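Chain residues, written in single-letter form:
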Amino acid sequence: MSPAQTAVTAVLTQKFEVSPESIRPEATLESLDLDSLDLDSLALAELALALQEELGVPVEEDEAAKHSTVGELVAALNAKRA
């Protein structure tokens, strides 16, 4: 598991109380379908800030929102860390 995947999983499970089983690459960050993690815009802003603190890379509030799935968010964070 990459550091970005570990950070996303840790933040979602600890801060947002999402079950680890729900955090799949295809799960959406916004409430668009049944596979959603059901995070609203305020929660997405909190997610971005928490990931920034966890990984030490800048994460804009809208950056987490524009990545519709967990997998896409992790890929973007991995690219920033490279």
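What counts as what
- Just so you know, the residues in each chain are numbered from 1, in the order the chain's sequence is written.
- Per-residue local features of the predicted model are confined to residues with pLDDT of at least 70, and side-chain atom pairs are confined, for both listing and counting, to 80 or more; whole-chain, interface and lining totals are unaffected and use all residues.
- In computing side-chain values, all of the structure's heavy atoms are included and hydrogens and water are not.
- Note on conventions: DSSP H or I runs of at least 4 residues are helices, E runs of at least 2 residues are strands, and numbering of each starts at the N terminus.
- The length a helix should cover is 1.5 Å for every residue beyond the first.
- The rule is simple: take the accessible area with a 1.4 Å probe, protein chains only, and divide by the maximum for that residue type; under 20% is buried, over 50% is exposed, in between is partly exposed.
- In what follows, a contact means two residues having at least one pair of non-hydrogen atoms within 4.5 Å.
- Buried Ala, Val, Leu, Ile, Met, Phe, Trp, Tyr and Cys residues form a nonpolar core when they are joined through side-chain atoms within 4.5 Å.

Enquirer: Which parts of the structure should I look at to understand helix H1 (residues 3–14)?
Expert: Side chains that are three or four residues apart share a direction in an α-helix, a result of its 3.6 residues per turn. If you check H1, its first and last C-alpha atoms are 16 Å apart, about what twelve residues at 1.5 Å a residue would give, namely 16 Å. Among the residues of H1, Ala 4, Gln 5, Ala 7, Val 8, Thr 9, Ala 10, Val 11 and Leu 12 are the ones counted as buried. Against helix H2 (41–55) and helix H4 (70–81) lie the buried residues of H1.

Enquirer: Which parts of the structure should I look at to understand the nonpolar core?
Expert: Counting residues in hydrophobic clusters, the biggest one holds 26 residues, and the most contacted among them are Leu 12, Leu 39 and Leu 47. The element that contributes the greatest number of residues to this core is H2, accounting for seven residues.

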